[in-house]
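In case you want the letters, here they are:
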Amino acid sequence: MATEKYNGSEPVNIGFGEEITIKELAEKIKELTRFKGELRWDTTKPDGQPRRCLDISKAEREFGFKAQVSFDEGLKRTIEWYEENRKNIK
């Protein structure tokens, strides 16, 4: 949609418009991938960006983008696609 309708040079965020912490994201991925190991955080490293929330108003304004699926469903579909296709990824 963006490549067909947006001809600007400024970046445009595409996302679902809600905030999620990096910890919450890691836990969701762990659950959806059925990872049985432990998530460990290296507290000796800088915190970096503890959370992420994209302003998606420009995408909606410029080319009518609005997420069609929830974040959880999109993450689930992405993981399923990866699991089905990872052998073909080089």
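Note that the structure is predicted; figures quoted are calculated from it, not measured.

Before we go on, may I ask you to explain the confidence of the model for the chain in this structure?
It should be kept in mind that the predicted coordinates are not to be read in detail where pLDDT is low. Chain-level pLDDT for the chain is 86 on average; 96% of the residues reach the 70-or-more range. Per-element mean pLDDT across the chain ranges from 66 in strand β2 (residues 51-52) up to 94 in helix α4 (residues 71-85).

Before we go on, may I ask you to explain the pattern of salt bridges in this structure?
When charged atoms on two side chains of opposite charge get close, those side chains can pair. This model, assessed by the stated rule, comprises four salt bridges. Across the pair Lys28 and Asp72 runs a salt bridge whose closest N-O atoms are separated by 2.7 Å. Taken as a pair, Lys28 in helix α2 (residues 22-32) and Asp72 in helix α4 lie far apart in primary sequence, 44 residues in all. Across the pair Glu73 and Arg77 runs a salt bridge whose closest N-O atoms are separated by 3.0 Å.

Quick question: what am I supposed to make of unusual backbone geometry here?
Even without being a glycine, Arg34 presents a positive backbone phi close to 60 degrees. Structurally, Arg34 can be placed in the loop between α2 and β2.

I'm lost on a nonpolar patch on the surface in this one. Help?
A cluster of nonpolar side chains, contributed by Ile22, Phe35, Leu39 and Trp41, occupies part of the molecular surface with about 370 Å² of accessible area. With respect to the element layout, Phe35 can be found in the loop between α2 and β2. Overall, Phe35 belongs to the partly exposed group, its relative accessible area being 43%.

Conventions and cut-offs
Residues numbered from 1 in each chain as written. Predicted model: local features only at pLDDT ≥ 70, side-chain atom pairs only at ≥ 80, totals over all residues. Heavy atoms only, no water. pLDDT = per-residue confidence, 0-100. Helix = DSSP H or I, 4+ residues; strand = E, 2+ residues; numbered from the N terminus. Salt bridge = Lys/Arg side-chain N within 4 Å of Asp/Glu carboxyl O. Patch = residues over 30% accessible without salt bridge, like charges linked within 9 Å, V, L, I, M, F, W, Y side chains within 5 Å. Areas by Shrake-Rupley, 256 points an atom, 1.4 Å probe, with all protein chains shown as cover. Buried < 20%, exposed > 50% of the residue type's maximum accessible area, 1.4 Å probe, protein only.

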